[in-house]
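Examining the three-dimensional arrangement
What follows is the residue order along each chain.
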Amino acid sequence: GAVVSQHPSRVICKSGTSVKIECRSLDFQATTMFWYRQFPKKSLMLMATSNEGSKATYEQGVEKDKFLINHASLTLSTLTVTSAHPEDSSFYICSARDPHVPQETQYFGPGTRLLVL
Amino acid sequence: AQSVTQLGSHVSVSEGALVLLRCNYSSSVPPYLFWYVQYPNQGLQLLLKYTSAATLVKGINGFEAEFKKSETSFHLTKPSAHMSDAAEYFCAVSAANTGFQKLVFGTGTRLLVSP
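Note that the structure is a prediction, hence the values are computed from the model and not measured. Here the residue numbers are simple positions, counted from 1 along each chain's written sequence. Each chain is given a letter, starting from A, and each ligand a number, starting from 1, according to the order in which they appear as written. Local features in a predicted model are, by the rule used here, given only for residues with pLDDT of at least 70; side-chain atom pairs are given and counted only at 80 or more, and totals for whole chains, interfaces and linings are based on all residues. Side-chain measures here rest on the full set of heavy atoms in the structure, leaving out hydrogens and waters.

**Side note on the sheet that holds strand β7 (residues 67-73) of chain A**
Residues and elements named next belong to chain A. The pairing criterion is simple: DSSP has to find at least two bridges between the two strands. Where helices and strands are cited, they refer to DSSP runs of H or I of at least four residues and of E of at least two residues respectively, numbered from the N terminus. Read from one edge to the other, the open sheet built from 4 strands follows the order β1-β3-β8-β7, with strand pairing classed as antiparallel. Single-partner strands in this sheet number two, and they are β1 (4-7) and β7. Each adjacent strand pair in this sheet contributes to an overall mean axis angle of 15°, direction not counted. Relative to strand β3 (residues 19-25), β1 is paired through 4 bridges, and the arrangement is antiparallel. In the sheet register, V4 faces β3, and the bridge partner there is S25. For helices, the axis comes from a line fit to the C-alpha atoms of the stretch in contact; other axes are also lines fit to C-alpha atoms, and the angle between any two N-to-C directions lies between 0 and 180 degrees.

The structure is reproduced here in structure tokens:
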């Protein structure tokens, strides 16, 4: 089946620094990737949708200058948390869509746990 | 707009007992419905999905769910729980007005299985 990887799996950083999280589709070309944030004991909240070669579409309430998304190739999307603060600590999950399968199908990565000190 | 309500943040069953996880949805247009499972510190794995075909949907690991439009429900069941079923389960909905791509998740139900 389709595989989506994320790197790193966990990261600890100091407040004020920036952190980049990578999401890769390993065996298919993903025209669309999605970034979710999951708070402890809470559901997943869609942050943004990124399409290869175009600007990401952010959900209401998500700061686009805070969470920079780049979908530079058909197999890679990156999420950069800029000037991270402790409240940005969370579990970030990406998913990817393979255009050759039904449009409602998303393949999820294993997630990245971010801890900002 | 779509939304999902999962009743019960925790469900406890004994090994071999019936599993029933409840999900009710709200959607102004015909929905697609999904159940995902999440193991600790991992991403989501699709268990099954309803896409307007058969109302009784069978998924992986012996799970199934029935779409009931009159009750706006999509409850997940498994006849006999196994220890390995212990995980977090999320119900989600998408709809045609987003190309069925935007998933709206419920708050999740943690399934606990005791020996």
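**Details of the interface of chain A and chain B**
Across the contact, 22 residues belong to chain A and 19 residues belong to chain B. The quantity reported as buried area is the accessible area (1.4 Å probe) lost by two parts once they are put together, taken as the sum for both. Buried surface at the junction of chain A and chain B, both sides included, amounts to about 1,600 Å², of which 50% is carbon and sulfur. Take a side-chain nitrogen of Lys or Arg and a carboxyl oxygen of Asp or Glu: if they are within 4 Å of each other, that pair is a salt bridge. On the surface where chain A and chain B come into contact, there are 2 salt bridges. Measuring nitrogen to oxygen at the nearest pair gives 2.6 Å for the salt bridge that ties E59(A) to K102(B). What qualifies as a polar contact is a pair of N or O atoms within 3.5 Å, subject to a donor-acceptor requirement within protein and to the restriction that residues adjacent in sequence count only when both atoms come from side chains. If you look at where chain A meets chain B, you find 8 residue pairs in polar contact (both at pLDDT 80 or more). Looking at the side of chain A that touches chain B, the elements with two or more residues in it are β4 (32-38), β5 (44-51) and β9 (90-97) of chain A. Examining the composition of the side of chain A that touches chain B, we find that 4 residues originate from one element, β4(A), more than from any other. When its residues are assigned to classes, the side of chain A that touches chain B shows 9 nonpolar, 7 polar and 6 charged. The criterion used for residue contact is that any of the two residues' heavy atoms lie within 4.5 Å. Polarity classes work like this: nonpolar for Ala, Val, Leu, Ile, Met, Phe, Trp, Tyr, Cys and Pro, charged for Asp, Glu, Lys and Arg, and polar for all others, with Gly in that last group.

**Describing the state of the cysteines**
We call a pair of cysteine sulfur atoms a disulfide whenever their separation is within 2.5 Å. Tallied over the entire structure, the rule returns 2 disulfides over all chains. What pairs with C23(A) in a disulfide is C94(A), and their sulfur atoms sit 2.0 Å apart. Taking the torsion about the sulfur-sulfur bond, which here is approximately 80°, the covalent link between C23(A) and C94(A) counts as right-handed. Taken as a pair, C23(A) in strand β3 and C94(A) in strand β9 lie far apart in primary sequence, 71 residues in all. As far as burial versus exposure is concerned, C23(A) and C94(A) are alike and both buried. There is a disulfide in this structure between C23(B) and C91(B), and the S-S distance comes to 2.0 Å. When the S-S torsion is -65°, as for the bridge of C23(B) with C91(B), the disulfide is left-handed. On the criterion of sequence distance, the pair formed by C23(B) in the loop between β3 (19-21) and β4 (24-27) and C91(B) in strand β10 (residues 87-95) is long-range, its members being 68 residues apart. Of the two residues, C23(B) and C91(B), both sit in the buried class. C13(A) forms no disulfide, and the closest cysteine sulfur to it belongs to C94(A), at a distance of 18 Å. For each residue, the accessible area found with a 1.4 Å probe, counting protein chains only, is set against the maximum for its type, and the residue is called buried under 20%, exposed over 50%, and partly exposed in between. A relative accessible area of 9% means that C13(A) is categorised as buried.

**A look at the environment of Y36(A)**
If you trace the backbone, Y36(A) turns up in strand β4. For Y36(A) and F108(A), which are 72 residues apart along the polypeptide, the C-alpha to C-alpha distance reads 9.9 Å. If near-sequence neighbours (up to four positions away) are discounted, Y36(A) is found in contact with L44(A), M45(A), L46(A), M47(A), F91(A), Y92(A), I93(A), S95(A), Q106(A), F108(A), L103(B) and F105(B). Within polar-contact distance, the side chain of Y36(A) engages the side chain of Q106(A) at 3.0 Å.

Note that every value here comes from positions in space, so none of it alone points to a role or purpose.
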